[in-house]
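# Summary of the model geometry
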2 protein chains.
Amino acid sequence: MYVIKVGGSAGNNYDALCDDLAARFAQGERVVLVHGGSDETNRLGEALGHPPRFVTSPSGYTSRYTDRRTLEFFMMATGGLVNKALVERLQARGCNAFGLSGLDGRLLTGKRKATIRIVEQGRQRMLRDDWTGTIEQVNTTLLRMLLEANYLPVVAPLACSEAGEALNVDGDRAAAALAAALNADALLLLSNVPGLLRNFPDETSLISNIPQAELEDYLPFAEGRMKKKVLGAQEALIAGVKRVILGDARRSGCISAALAGAGTVIA
Amino acid sequence: MYVIKVGGSAGNNYDALCDDLAARFAQGERVVLVHGGSDETNRLGEALGHPPRFVTSPSGYTSRYTDRRTLEFFMMATGGLVNKALVERLQARGCNAFGLSGLDGRLLTGKRKATIRIVEQGRQRMLRDDWTGTIEQVNTTLLRMLLEANYLPVVAPLACSEAGEALNVDGDRAAAALAAALNADALLLLSNVPGLLRNFPDETSLISNIPQAELEDYLPFAEGRMKKKVLGAQEALIAGVKRVILGDARRSGCISAALAGAGTVIA
């Protein structure tokens, strides 16, 4: 049992990913696929006159400011387009994919951060009307019910707050939470780089192996979105997932390659 | 057990619908909710520079021409925004709603009509690259699994072709197929009119009761979208659903009112 997260950035090859995934699923492997939708959300926001806004937290993480309108774009992009197009690709390859979001049946419950602290021009300030959250619980009963019925769950990164509100959650950390809850053998975080790079963006500077105990030391190498992947990796490993692989979603056979050790293996 | 379809037209009161639905669900009633998304799809198409196009079949039914780009808007609107916003409303009312589309786990399989025959300026012609379909099968095992686990399924009107393609299907007929497959006691088709009107749009001309055997005689009163509702009603009744109610989604307590006989009851 393993959990895969695939980002939506330029260059990621969804067709090749689904070829590989469907072939492995047909062999009886049990998998949960988590996806993103940031780029599609950005495109929608730009086209609909409400462009995305990214903010930086005091601890240096960059994230999307998700006001209510942006949450609606996020629902359309992740719950609608990306989720259903992945399910369609898998169904076309004979794989019985089942798309859902963390909101559905409270698959993922989390805590809303309605007010976030950000750093802007060197000064801290508060932003309100935010619809992001952090995951606190996974409905494993629901997930196991789908897996036992031989579906391949395809999960959009939304969660449900205690009060029933929809939340935008980070896809990498959602995948980590799912892997932890399922006690997965592996968590694969696939994106448009070969793994963690010592000198970003120089792809020849790939870091191949990181012992779990030394992960903190490698954090300075994580740029941009890679920061949350390393954070997700850490959360999954602490919760008992055996290994996390940061792999390349641009190449064909990307899942098989990552499981065979290509990319950055943290164990 | 009953199935409700609610349209997305102006005036429909989703909040009131969810109040009523959550209260009834809490009493132990088992329900499947099907929704539309036409208006949201239109808005997206207009805003993104690919406006909707409606066509008329030789038998007089009006439907959306769904090229691939329109199908993507339809995925965003129905699978994303409308579905997740309904699930959110229900979750906020303590009801464990579970959003999915007919594509997920092949809940609804159908036949794609890649080429459709239309009438334009009095002449018949063919249109290609269409992504609509008609439902042929319902995965009742999946639906019963969700219902037995006490979820309230909220279904977006997409289906899966035999080849695994995503299809835009009519929401009223999807609800009829679900009601038939579940052997439902009732099918409620709720929209922004009180029911079938003898003199559309005069709301005082409501037709209260139609015996099933006479349904054909009432077809001439069905204008626009009401035609597919009457067709769906017919399909459900033939398949054994006990009664179909065409009701008003604008009023509070719309489900309870329809079940109590308000609207047009066909039995």
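Every residue gets a number counted from 1 within its own chain, in the order that chain's sequence is written. Chain labels run from A onward and ligand labels from 1 onward, assigned in the order the entries are written. Note on the predicted model: pLDDT of at least 70 is required for a residue's local features to be given, and 80 or more for side-chain atom pairs to be given and counted; whole-chain, interface and lining totals, by contrast, use all residues. With hydrogens and water set aside, each side-chain value is computed from the structure's full complement of heavy atoms.

## A short note on the packing of helix 1 (residues 14–26) of chain B against helix 3 (residues 68–92) of chain B
The geometry of a pair of packed helices is captured by two quantities: the angle between their axes and the separation between those axes. Residue and element names in this part refer to chain B. Axes, fitted as lines to C-alpha atoms, cover a helix only where it is in contact. Angles between the N-to-C directions of the axes lie from 0 to 180 degrees. The numbering of helices and of strands both runs from the N terminus, where a helix is a DSSP run of H or I of at least 4 residues and a strand a run of E of at least 2. Orientation of helix 1 relative to helix 3, taken along the N-to-C sense of each, is 50°, at an axis distance of 9 Å. The pairing of helix 1 with helix 3 is recorded here as oblique in orientation. Where helix 1 crosses over helix 3, the two elements pack in a sense that is right-handed. Residues Tyr14, Asp15, Cys18, Leu21 and Ala22 of helix 1 form the contact with helix 3, whose participating residues are Val82, Leu86, Arg89 and Leu90. Roughly parallel means an angle under 35 degrees; roughly antiparallel means over 145; roughly perpendicular covers 65 to 115; every other angle is labelled oblique. Note: crossing handedness is left-handed where the near helix turns anticlockwise from the far helix by less than a right angle, and right-handed where it turns clockwise. When checking whether two residues touch, look at their non-hydrogen atoms; a contact exists if any pair is within 4.5 Å.

## Details of the relation of the copies chain B and chain A
Laying chain B over chain A is done by rotating through 180° and shifting 0.0 Å along the axis; what remains is an RMSD of 0.0 Å. The superposition operator between the copies reduces to a two-fold rotation axis. Judged by C-alpha distance, B:Gly80 is the residue of chain B that lies nearest the rotation axis, at 1.8 Å. In this assembly, 100% of the residues forming the interface of chain B have copies in chain A that are likewise at the interface, indicating an isologous arrangement. All copies are superposed by least squares; the fitting set is the C-alpha atoms of residues with a pLDDT of at least 70 in both.

## A short note on the packing of aromatic side chains
Each aromatic pair joins two rings of Phe, Tyr and Trp (for Trp, the six-membered one) with centres within 6.5 Å, and gets the label stacked for planes under 30 degrees apart, edge-to-face for over 60, and tilted for any other angle. All told, the structure shown has five aromatic pairs over all chains when counted by the stated rule. Ring geometry for B:Tyr218 versus B:Phe221: centroids 6.0 Å apart, planes at 55°, classification tilted. Through successive ring pairs, a cluster of aromatic residues spans A:Phe98, A:Tyr151, B:Phe98 and B:Tyr151. A cation over an aromatic ring shows up here: A:Arg30 above the ring of A:Phe25, its NZ or CZ 4.7 Å from the ring centre. Throughout this description, the term charge over a ring refers to an Arg CZ or Lys NZ atom that lies within 6 Å of the ring centre and within 35 degrees of the ring normal.

## Considering the sheet that holds strand 14 (residues 209–210) of chain A
Residues and elements named next belong to chain A. Strand pairing is assigned whenever DSSP identifies at least 2 bridges connecting the two strands. An order of 5-10-2-1-13-15-16-14 is seen for the eight strands of this open sheet, with the pairing classed as mixed. The open sheet is flanked by strand 5 (97–101) and strand 14, the only strands paired with a single partner. In this structure, strand 1 (residues 2–6) lies alongside strand 13 (residues 186–191), joined through five bridges in parallel fashion. Bridge pairing links Lys5 to Leu189 in strand 13. Sheet strands in contact with helix 5 (residues 171–181) are strand 1, strand 2 (31–35), strand 10 (152–156) and strand 13, and its direction is about 175° off that of strand 1.

## Some details on the UniProt feature "domain: Aspartate/glutamate/uridylate kinase" (unreviewed entry) in chain A
Sequence positions flagged by UniProt for "domain: Aspartate/glutamate/uridylate kinase" (unreviewed entry) are, in local numbering, residues 2–246 of chain A. Regarding residues 2–246 of chain A, the helix share stands at 35% and the strand share at 27%, and the terminal C-alpha atoms are separated by 13 Å. UniProt positions are given in the numbering used here, feature names are shortened, and annotations may be inferred rather than shown by experiment.

## Some words on the sheet that holds strand 6 (residues 108–112) of chain A
All names here are of chain A. With respect to topology, four strands assemble into an open sheet ordered 9-6-11-12, the strand pairing being mixed. For this open sheet the edge positions go to strand 9 (133–138) and strand 12 (166–168), each flanked by a neighbour on one side alone. Direction aside, the axes of adjacent strands within the sheet are offset by 50° on average. As defined by bridge partners, strand 6 adjoins strand 9 across five bridges and the pair is classed as antiparallel. Bridge pairing links Leu108 to Val138 in strand 9. Packing of helix 3 (residues 68–92) onto the sheet brings it into contact with strand 11 (158–161) and strand 12, and relative to strand 12 it is tilted by some 80°. Relative to strand 9, helix 5 is tilted by about 15°, and along the sheet it contacts strand 6 and strand 9.

## Quick word on the pairing of strand 6 (residues 108–112) of chain B
Bridge count for strand 6 of chain B against strand 11 (residues 158–161) of chain B is two bridges, and the pairing is parallel. Residue B:Gly110 lies in a different strand from strand 11 of chain B, and its bridge partner there is B:Ser161.

## So, helix 4 (residues 140–148) of chain A
Every buried residue belonging to helix 4 of chain A is among A:Leu142, A:Leu143, A:Met145, A:Leu146 and A:Leu147, and all of these are buried. In the core, the buried residues of helix 4 of chain A are packed alongside strand 2, strand 5, strand 10 and helix 5 of chain A together with strand 5 (97–101) and helix 4 (140–148) of chain B. Exposed residues in this analysis have more than 50% of their type's maximum accessible area, buried residues have under 20%, and partly exposed residues fall in between, with area computed by a 1.4 Å probe over protein chains only.

## Observations regarding the interface of chain B and chain A
Interface size, as often reported, equals the accessible area lost upon joining of the parts. In this complex, chain B contributes 40 residues to the contact, which on the side of chain A involves 40 residues. Of the roughly 2,900 Å² buried between chain B and chain A, counting both surfaces, carbon and sulfur atoms make up 65%. Together, B:Met76, B:Lys84 and B:Glu88 form the three largest contributors to the area buried by chain B at its contact with chain A, with a combined 20%. Side-chain atoms alone can form a polar contact between residues adjacent in sequence; in general such a contact is a pair of N or O atoms within 3.5 Å, and within protein one must be able to donate a hydrogen while the other accepts it. Here chain B and chain A share 14 residue pairs in polar contact (both at pLDDT 80 or more) between them. Of all the secondary-structure elements, those providing two or more residues to the side of chain B that touches chain A are helix 2 (38–47), helix 3, strand 5, helix 4 and strand 11 of chain B. Element by element, the count of residues in the side of chain B that touches chain A is highest for helix 3 of chain B, at 14 residues. Side-chain classes are defined by residue name, with Ala, Val, Leu, Ile, Met, Phe, Trp, Tyr, Cys and Pro counting as nonpolar, Asp, Glu, Lys and Arg as charged, and the others, Gly among them, as polar. Split by residue class, the side of chain B that touches chain A holds 23 nonpolar, 10 polar and seven charged. Put simply, buried area is the surface a 1.4 Å probe can reach on two separate parts but cannot reach once they are joined, added for both.

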